[in-house]
Amino acid sequence: MGEAPVFYVENLKDRFSNGFNLRFKGFETSIDVGDKTFVIGSNNNDSISSIEVQIYDKSRRKWVIPTVLGTEPKRYEGHSAILLNEDRIMVITWGSTPDDCIWFLEVDTEYVKQQKKASGTEVIAWSKGVTGDAEKPVVISGPSGVGKGTLINMLMKEFPTMFGFSVSHTTRAPRSMEKNGVHYHFTERSIMEKDIKDGKFLEFASVHGNLYGTSIEAVEAVADSGKRCILDIDVQGAKSVRASSLDAVFIFISPPSIAKLEERLHLRGTETEEQIQKRLRNAKAEIEQGKSSGIFDHILCNDHLEKCYDDLKKLLGLDGTTPTNPKPSSKGINLPSKHAASKINNKILVKSETPASGNPSKNSIVLDVSLLKGGAPGRTRGLNVFTIDPNPFSDCLNGIHKLS
Ligand SMILES: Nc1ncnc2c1ncn2[C@@H]1O[C@H](COP(=O)(O)OP(=O)(O)OP(=O)(O)O)[C@@H](O)[C@H]1O
Ligand SMILES: Nc1nc2c(ncn2[C@@H]2O[C@H](COP(=O)(O)O)[C@@H](O)[C@H]2O)c(=O)[nH]1
């Protein structure tokens, strides 16, 4: 059954002028969700400015400035806003680049509910919308020195177009061969702690005395490139990812013995004796947790490297029995710069406000939101885009229409 268009743009200063203190000076929209009105707008008069959200709580008759999580739209000239599933608002920004125009403002999703409960404040979360889907990331965990990095390097070397590495952040010092931005993002504890507080990390843990963490951007950037993301993280991190909304495959690599692990750490020669002993002490607890906690879908023993690598490939479907083509990366969406949007079931019709001369494809676009996946704190994936030809007979007129 069709639904009436829910898009509207109006001057809320008129609507709410009676005692309410709206900070916005430019363009706004408002959407009602339950007993709250979400007002989305810009806070200054410049033609391009930042997006802000204020909430009017109708039951308490109070304005609230919420805690904002996630990455919000950068360029902002105006927008259309549509409520989906009573828990998120689709925000289509005007004048943005094709890969930066669809956003979701989560107002009552599971993630937002959890964050509200944890912080005790009103919370909203932005998530960028992208077309296409992403393959399940692969979490590889296990004690230090077991060979996680070695196995991941082999996989990336053999399948360079298929896999991408999630570059973690760490406060530990770089080893001699390690490059910033390639092996890790080497950072200071205070900076990392602030980013963790701002919700930029999918998981983090204190490992062998240093802070390590996976930023949401690290995982999403790999998925955006059309590759399957591989995470090399410790058991605490794997546990956090398991509890998050990220749907991944969890693999634990176990050593044949602690003695072999010690030998490998000594042979690698990247840690002092004291650090090696600390890593070995932690290894015992990690092996116990890895094997019994139920976090992991698969456990592989890395005794003989080649055998372990073959087993890893098999469980990732890379033993030649399944196709290994990477997923196409997300495509941008060419929207008319100024438009009106309306919702019919799970389809959003985006129509140009000023009919485009010479570029009819920019007139009407349909965004199918029936297969959305993911969401804050990462991207919202699975958007499908169709163009409606404003002149269905144009092909005939061009003489290229074929009768079948
Ligand atoms: N099956 C194996 N047999 C013998 N040596 C191995 C095997 N697998 C890996 N190694 C060696 O063990 C050392 C540790 O491996 P690697 O650095 O990959 O471990 P890791 O699990 O990534 O460690 P960390 O968690 O500290 O980063 C390396 O020198 C590597 O060459
Ligand atoms: N929880 C996380 N653990 C991580 C992350 N990146 C790496 N690690 C783990 O830390 C240890 C030590 O690594 P090293 O490079 O200092 O030898 C190892 O077990 C890694 O798996 C992360 O982002 N989160």
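Residues numbered from 1 in each chain as written. Chains lettered and ligands numbered in written order. Predicted model: local features only at pLDDT ≥ 70, side-chain atom pairs only at ≥ 80, totals over all residues. Heavy atoms only, no water.

Going by the annotation in an unreviewed UniProt entry, the name recorded for the protein is Guanylate kinase 1, with Gossypium stocksii given as the source organism. Looking at the Sequence similarities (unreviewed entry) heading of the UniProt record, one finds this comment for the protein: "Belongs to the guanylate kinase family." (UniProt positions renumbered as here; feature names shortened; annotations may be inferred.)

**Student:** Residues and numbers for the overall build of the protein, please.
**Tutor:** Looking only at helices and strands, the protein has 10 helices and 23 strands in total. Burial analysis of the protein (404 residues in total) assigns 47% to the buried set. Within the protein, residue pairs in contact and separated by at least 24 positions form 56% of the contacts whose partners lie at least 6 positions apart. With an accessible surface of roughly 20600 Å², the protein has 51% of that area assigned to carbon and sulfur atoms. (Helix = DSSP H or I, 4+ residues; strand = E, 2+ residues; numbered from the N terminus. Buried < 20%, exposed > 50% of the residue type's maximum accessible area, 1.4 Å probe, protein only. Contact = heavy atoms within 4.5 Å. Areas by Shrake-Rupley, 256 points an atom, 1.4 Å probe, with all protein chains shown as cover.)

**Student:** Mind laying out the site of ligand 1, listing which residues take part and the relevant values?
**Tutor:** Contacts to ligand 1 come from 14 residues, most closely from Ser144, Lys148, Gly149, Thr150 and Arg268. Between an oxygen atom of ligand 1 and a main-chain N or O atom of Gly145, the distance comes to 2.9 Å. In this structure, Gly149 approaches ligand 1 through a main-chain N or O atom, which is 2.8 Å from an oxygen atom. Protein chains bury 73% of the 640 Å² of accessible surface belonging to ligand 1 in isolation. Counting only elements with at least two residues in the shell around ligand 1, the list comes to α3 (148–158) and α7 (258–268). Broken down by element, the shell around ligand 1 gets its largest block of residues, three residues, from α3. Residues belonging to the shell around ligand 1 are distributed by class as follows: three nonpolar, six polar and five charged. (Near = heavy atom within 4 Å. Polar contact = N/O pair within 3.5 Å; in protein donor to acceptor, adjacent residues only side chain to side chain. Nonpolar A, V, L, I, M, F, W, Y, C, P; charged D, E, K, R; others polar.)

**Student:** Give me the environment of Trp103: which residues, what numbers.
**Tutor:** Note on placement: Trp103 falls in strand β8 (residues 102–106). Put simply, Trp103 and Thr71 are 32 residues apart on the chain and 9.7 Å apart in space, counted from C-alpha to C-alpha. Not counting residues up to four positions away in its chain, the partners in contact with Trp103 are Thr71, Glu72, Pro73, Ile89, Met90, Val91, Thr93, Trp126, Ser127, Lys128 and Gly129. Reaching out from Trp103, the side chain makes a polar contact with the backbone oxygen of Asp100 at a distance of 2.9 Å.

**Student:** Explain the nonpolar core to me, using residue names and the numbers behind them.
**Tutor:** In this structure, Leu155, Phe163, Ile251, Leu312 and Leu316 are the most contacted members of the largest nonpolar core, which totals 25 residues. Here this core gets four residues from one element, more than from any other, and that element is α3. If we skip the residues at most four places from it in the chain, Leu316 touches Val138, Leu155, Phe163, Arg228 and Ile251. Judged by nonpolar contacts, the second largest core, of 20 residues, contains Phe38, Val53, Tyr76 and Trp103. (Core = buried A, V, L, I, M, F, W, Y, C linked by side-chain atoms within 4.5 Å.)

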